[in-house]
Structures are given as C-alpha cells and as structure tokens.
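Examination of the molecular architecture
For reference, the chains in residue letters:
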Amino acid sequence: MSCTALNVVTRDLTVLEEPPEGQSPAGAQGVDTALDAFGLTDSPTRAGTVVFLVTGDSPPSPHGGVEDVAVRTAESAVSALVLAHAELVDGTKDVALVLAGLGEPGPVRASRVTLSRVPREDDPASAGDTTRMLLWSGSGAGDETRTRARLRLVVDGMTDDVFRALPAVVPCRPCPGPVRAAALCNSVNPTAALDAAKAFTADRPRPVALLFPGQGSQHTKMASGLYRHEPVFTEAVDTVLDLMGAEGAAIRADWLAPHRPVIDMDDVRRAQPLLFAVDYALGKLIMSWGVRPTALLGHSAGELVAAAFAGVVSLPDAVTMMRERVRHALSVPAGGMLAVAASEAQLRPYLIAEVAVAAVNAELQTMLAGPAAQLSLVEKRLRADGHTVVTVPATSPFHSPAMAPAAEAVEREYTRIGFRSPDLALYSGYTGGLMSEQDALSPRFWARQITDTVYFRQALDQLLAAEDTLLVEAGPRQTLTAFARRHPAVRSGASAVVPALPARPRGPAADRRSLLGAVARLWTEGHDLNVASFSGPWADGEDRAAPSSPVAPGGR
Amino acid sequence: MSATTTVTLADLTRMLRESAGEEEGVDMDGDVLDVSFDDLGYDSLAMLQVIGQVQREYGIRLPDEAAADADTPRALLALINTNGHVPQTG
C-alpha cells in the first residue's frame, strides 16, 4: 500500500519586466522564467507541465495559456496545491509549477510540485498522520478575515488524501501581512480549526532565544517522530551521530529500538549523546526556517550545544567535549540527582559530604546531586521534613564534587580544543550571566561545568532582562519551558516561550504536531519564515528524505 | 474541611503560585480553567508540591493516581471538591 506526497521545491525568482500589454498573455514572462529556472524547457516536458498563477482572485479566472503550457489560476497557494494534487494524481500532468507574486514588486515565488509515492505500512502511526499546519495572514483585520473565508472554502472539500499529500506547513499567501493566524488542520472538521484560530497583529516580533535542555529531559524515543520525516532534523542528527563513529550507530539503534534498547536512555552513555543530537538538530531546524536567534542558553549539557551554535567550538569539537564528559563520568562511582521543590537556601542545611546543589532552576526548584548512598540519606531527611522530592533519571552525580576526578581528566582533554569567543549572546548557567570571552576560551571553565552548580534561573533572569524575547526550547520535553513560564517576565507577557516538543512522551505524531505548533507560534509572533524550508514533504516512512531535491537547479 | 467549603479557582491559583514560589501580582492570563498544567508551567515537581499543599490546607487525601491524571485546574478542582466529601457543584 502506498500514498502520495507532494514534493515541493520553492525558489524566489527575479522576473524581468513584462512587455507592454497586448503583446503576450499576462504573466507569460514569469512563466517562461520559472520554466527555465526549473529546466522545464523542451516541448514534451512543457506538455506535461501545468502552471498555476496565484492571483488572489476568487473564483479562479480562466487563462489563455502560454504557448504549449497549460496555465490556470488559483486564489491561494494552498488551493493551487490542491488543484495540482488532483492533476498529478490522475496522471494528466507530471509537473505543476505554482507561481505567486507575479505582477507585484519583488521576486516571484516559484514552486515546482511533483508527486511521489511512499510506502505507508512502514509506520502505521504516520499513515494516519495527516495533520498539517496552515499559515495565513492579511494586510489588516478585514483582509485576514477575507483570506480566512476563502481558505475555508478550499479546506472544506479537502480529503484525507489531499491532506496527506500536502507539505507539513502550508503557507497560504505569498506575501505575509502583519495580521497573522495559523491552524492545525486535518480532514476531520478542518473548517472548525480555521474558525477557531486566533488572529494576532504581529508588527514587532520579539527576537528569538533558543533554550537547550540537558540531562533529565531525555526519554525513550525522544523526538524520533521527526527523524526520517523532517529532512533538516534528520540530516543534523545523522551528522552528530556519524561524528561518533560505530558508537553513534549503536546510539541510533538504541534510540529507535522498537522494544528495549541495549543501553537504557537514562544511562549517561545514551542520555547525553542523544540529547546533544536532538537539541542540535532542533536548533538547526529552527534556524532553517529563517529564524536567527539573538541569544542562546543551555542547561548543563545543553550548554555545549549552545556553545557550538555561538561559534565557541566547532560541531566536531563540541561532540568530542560531550563524549569526553561521558567517558570520564563513567569512571566516577554511581550517583544520582534529585529535584526538590525548595530554594537553594532551604536546602543548604541538608547538604552532607559530597552532596551538593547541582542546579538552581526556578524559584522553588533546586536540584541536588551526589554519590548514591549519601544522596539517598539526604533524600530521606528531606522527605521526613515534608519536602517534595523527585528522583531525576541520572546515573552520574553531575554538578557535585564527586565528579572532580572526571573534571580534571576532562580538562586535560579540553586543552586540545580550539575555543573562540562567542559570536552571539551566549548565556551560561555556570556564571548565571552572559559568557565572557575569558570563560569561553578557558578549558578549565568548560571542564568545571561537570562539578559546578548550574545557575539556570539567574542566567534566564539576565537573558530576559536584556530584552523582551520569544524563547524557543529546542529539545525533548518542556523542562526549561516550564521554568520560563513561571518567570515573571513571561507571566506578565513581556516575554514568551514555546516548546518544540511535547511535555511528555506521546508518540511520533505528537512530536510532529508539537513542532508545527512552534512554527505557528513563530509565525503569529510576526517572524518572516523561509517558506521554501517548509515545502519538503512530511514523508510517511520515507527513508532519509534528502534536504533538497537533486534535480533542483542550484538548490537552496 | 467543612462541608460547605469549596476550593475555588482563586484558591488553587494562589496555592500553585505559592508552591512554585512565584511573585504575587503577576497572575496567569485569562481563563485558565481548562488550560493544562503543562501549558501553565507547572511541571510534575510543582504539581506534587501543590497537591501536598492542598492536602495539608484542606485536610483531605487525594489518591496519587487520580491527582496525577487531573491535568487541568478544572479536573483538579473537581477531584479536590469531591474527595473532601463536598458535593460537586458542577
């Protein structure tokens, strides 16, 4: 059994001025430019091509065609995709070209649409996964309402097959206006989702800061719903795992294992490499949408991902640093971590021997770490005194003095790393503020991270005090999102936060829906997203979708 | 807890705020009755803390599993207001 997916390759083209009216049909110059750009030049190919001009007119107006190419009009990009799907499925045409922005100043957005058949039985969970994110906008409130009404007519008749064929994110208008809305739709009552969508006036988007979670946020199959479905994410995960050689392959196998992994996800040998890969790949993915973060903050191991994005270390060096942490952590006797609903000051009296404050996360959320036996004693005392305590899934006593031998060994390894100063605002949990050049360049600073306390709360304070920000958590679960939501700057609405993934494991389809929610949030914030980056198919079990089609001239 | 006392949304949001150590005066926006605790920023540790506080303040016992399943203020209030032998007000 197979199903269809629309492969969309989008490029912005510069079209020379149209010749004076009357000499050729409207848009002829643009159609020719687009056909040339996609190499659709010889006459059999042109005969198999249908062109859709997105005109914004409703109903579609007839078009005389251009030479031997069929040309039709469509009122919106999404209706053009629906019409294209119909013609490609019944086999009348092989290629559809959707042109938007013709006759307007600026580039013409040209999308080449082809059909691919993908097996459906590989992944039963994704076969039913036909939910797509529709994004639309208007120049004002009235325009947005009219756009929505037109869109309503299109989606009302869209069947499951059409939804399945659409790309994950469907931008419905070529030129985004300031009034924005988004709706997660599938064939079950799509108009209700459209009607319920809230419109936002987004004239001043807040800059984006990325948050990268660390140990404790891992879970079985975390983010695996994006792997082999989202091409940029897939490529980035593979890049990181490939840097780990044979071990990377074993990590991937355990991550995707249908039943029990050989090594459990909470083991430091799985948790940290996979968190690194997933955090990094989500960061790459968000940036591929055209988002340029202005600040970065990672929690614990997440700070290495932030360092890679800030240019402090190369990706291979960051992976090496993470692996050295893991390797030397294994030589430390087993320990653990606790999360306690109390302040750092309340917990100080409970600290014994090598049990230390591992992290200050939020006002009344503090983590402790230490060797197993000592930590269990502290846990008993805390519970006896009525404190609320949760055991963090960790096998090593990170951020406690028990890690000192590992920190020393790691520091020796880190002297070989080429550190550079950060090229964007990098906030550090170890100083609770902006990372200085001196710290960034110090092997000791990075090595001490495994014994020292993480002051996440203070670092977040500094980040949010610098500027009102839209925080995006690039990692599994919503650990850092929860801390941020309770921050006064976010509660008051001055800043905001959106997670990329679900709060708890809910399966692959939930991973994808959550990601689409992050896209929608960036859109309604007013960020101009790179439409071309969304146009890849939301592959149903397609093995390792290529980031760009090999036949696209030049690619993007 | 007396038979006439009903825990209200205002009581619950106060306890949530206190359990998480949030500042007074910075309140959650709009109608939060059906917003999930995840979306409100209350993670599992914060929820355990608030359930502990509810039990202490109102002298009631909430079954762990049912409390964990109550994922919105509406669901948690319904649980609290029935387990304290208070008739459900709907």
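Structure report, in brief. (Residues numbered from 1 in each chain as written. Chains lettered and ligands numbered in written order. Predicted model: local features only at pLDDT ≥ 70, side-chain atom pairs only at ≥ 80, totals over all residues. Heavy atoms only, no water.)

This part takes up the overall build of chain A. From N to C terminus, chain A includes 22 helices and 20 strands. Sorting the 556 residues of chain A into buried and exposed places 59% on the buried side. Within chain A, contacts between residues separated by at least 24 positions form 74% of all contacts whose residues are at least 6 apart in sequence. Counting every atom, chain A has about 21,100 Å² of accessible surface; 52% of that belongs to carbon and sulfur. (Helix = DSSP H or I, 4+ residues; strand = E, 2+ residues; numbered from the N terminus. Buried < 20%, exposed > 50% of the residue type's maximum accessible area, 1.4 Å probe, protein only. Contact = heavy atoms within 4.5 Å. Areas by Shrake-Rupley, 256 points an atom, 1.4 Å probe, with all protein chains shown as cover.)

Right, let's get into the sheet that holds strand E6 (residues 132-138) of chain A. All names here are of chain A. Sheet architecture is open: 4 strands sit in the order E7-E6-E8-E9, paired in mixed fashion. The open sheet is flanked by strand E7 (169-171) and strand E9 (200-201), the only strands paired with a single partner. Pairing of E6 with strand E8 (residues 179-185), which is carried by 7 bridges, proceeds in the antiparallel orientation. By the bridge assignment, Ser-137 is partnered in E8 with Arg-180. On the sheet, helix H5 (residues 141-156) packs against E6 and E8 and is oriented at approximately 145° with respect to E6. (Pairing = 2+ DSSP bridges. Axes fitted to C-alpha atoms, helices over the stretch in contact; angles between N-to-C directions.)

Residue and element names in this part refer to chain A. Counted under the stated rule, the structure contains 33 salt bridges over all chains. The salt bridge partner of Arg-252 is Asp-238, with a shortest N-O separation of 3.1 Å. Taken together, the residues Arg-252 in helix H9 (residues 245-256) and Asp-238 in helix H8 (residues 231-242) connect sequence positions 14 residues apart. One exposure class covers both Arg-252 and Asp-238, and it is buried. (Salt bridge = Lys/Arg side-chain N within 4 Å of Asp/Glu carboxyl O.)

All names here are of chain A. Taking every second residue as pointing to the same face, both faces of strand E20 (residues 496-499) are buried, with Ala-496 and Val-498 on one and Val-497 and Pro-499 on the other. In this sheet, E20 lies alongside strand E19 (residues 470-473) in parallel orientation, the contact comprising 4 bridges. When the bridges of E20 are listed, Val-472 appears paired with Val-498.

As a further point, take the nonpolar core. A general trend in soluble globular proteins is that nonpolar side chains are found buried together. All names here are of chain A. Phe-233, Phe-276, Leu-282, Trp-289, Trp-446 and Leu-471 are the most contacted members of the largest nonpolar core, which totals 114 residues. A total of 12 residues in this core trace back to one element, the largest contributor, which is helix H10 (residues 268-288). Each of domain 1 (2-205) and domain 2 (209-334 + 419-521) gives at least three residues to this core. Those residues in contact with Phe-233 that sit more than four places away from it in its chain are Ala-223, Leu-226, Tyr-227, Trp-255, Val-278, Ala-281, Leu-282 and Leu-285. Of all hydrophobic cores here, the second largest spans 34 residues; its members include Ala-80, Leu-81, Val-113 and Ala-197. (Core = buried A, V, L, I, M, F, W, Y, C linked by side-chain atoms within 4.5 Å. Domains from an automatic or database assignment.)

The next thing to look at is the environment of Phe-37 of chain B. Residues and elements named next belong to chain B. Structurally, the position occupied by Phe-37 is in helix H2 (residues 37-40). Under the relative-accessibility criterion, Phe-37 is labelled buried at 4%. Phe-37 sits 39 residues away from Leu-76 along the chain, and the two C-alpha atoms are 9.9 Å apart. Beyond its immediate stretch of four places on either side in the chain, Phe-37 contacts Leu-12, Leu-16, Tyr-42, Met-47, Ala-70, Asp-71, Thr-72, Pro-73 and Leu-76.

Moving on, we come to the side chain of Arg-206 of chain A. Residues and elements named next belong to chain A. Tracing the sequence through the fold places Arg-206 in the loop between E9 and strand E10 (208-212). Given a relative accessible area of 17%, Arg-206 falls into the buried group. Of the polar contacts made by the side chain of Arg-206, one reaches the backbone oxygen of Ala-494; its length is 3.0 Å. Setting aside residues no more than four positions away along its own chain, Arg-206 makes contact with Asp-468, Thr-469, Leu-470, Gly-493, Ala-494, Ser-495, Ala-496, Arg-521, Glu-525 and His-527. (Polar contact = N/O pair within 3.5 Å; in protein donor to acceptor, adjacent residues only side chain to side chain.)

Residues and elements named next belong to chain A. Taking strand neighbours across the sheet as the criterion, the 6 strands line up as E17-E16-E11-E10-E19-E20 in an open arrangement whose pairing is mixed. Every interior strand has two partners, whereas the edge strands, strand E17 (433-434) and E20, have only one. Relative to E17, strand E16 (residues 425-428) runs antiparallel, the two being bridged by 2 bridges. The residue of E17 that forms the bridge with Tyr-427 is Leu-434. Taken strand by strand, H10 contacts E10 and E19, and its axis lies near 165° from that of E10. Along the sheet, helix H21 (residues 508-525) contacts E10, E19 and E20; its crossing angle with E20, the most-contacted strand, is approximately 150°.

Residues and elements named next belong to chain A. Where H8 contacts H10, the axes come no closer than 8 Å and their chain directions differ by 140°. The angle between the axes of H8 and H10 places the two elements in the oblique class. Relative to H10, H8 is oriented so that their crossing is right-handed. Of H10, the residues touching H8 (which contributes Val-232, Phe-233, Ala-236, Val-237, Val-240 and Leu-241) are Phe-276, Ala-277, Val-278, Tyr-280, Ala-281, Leu-282, Lys-284, Leu-285 and Ser-288. For the contact of H8 with H10, a count of residues per class yields 13 nonpolar, 1 polar and 1 charged. (Parallel < 35°, antiparallel > 145°, perpendicular 65-115°, else oblique. Left-handed = near helix turned anticlockwise from the far one by under 90°. Nonpolar A, V, L, I, M, F, W, Y, C, P; charged D, E, K, R; others polar.)

All we've got here are geometric facts, nothing functional implied.
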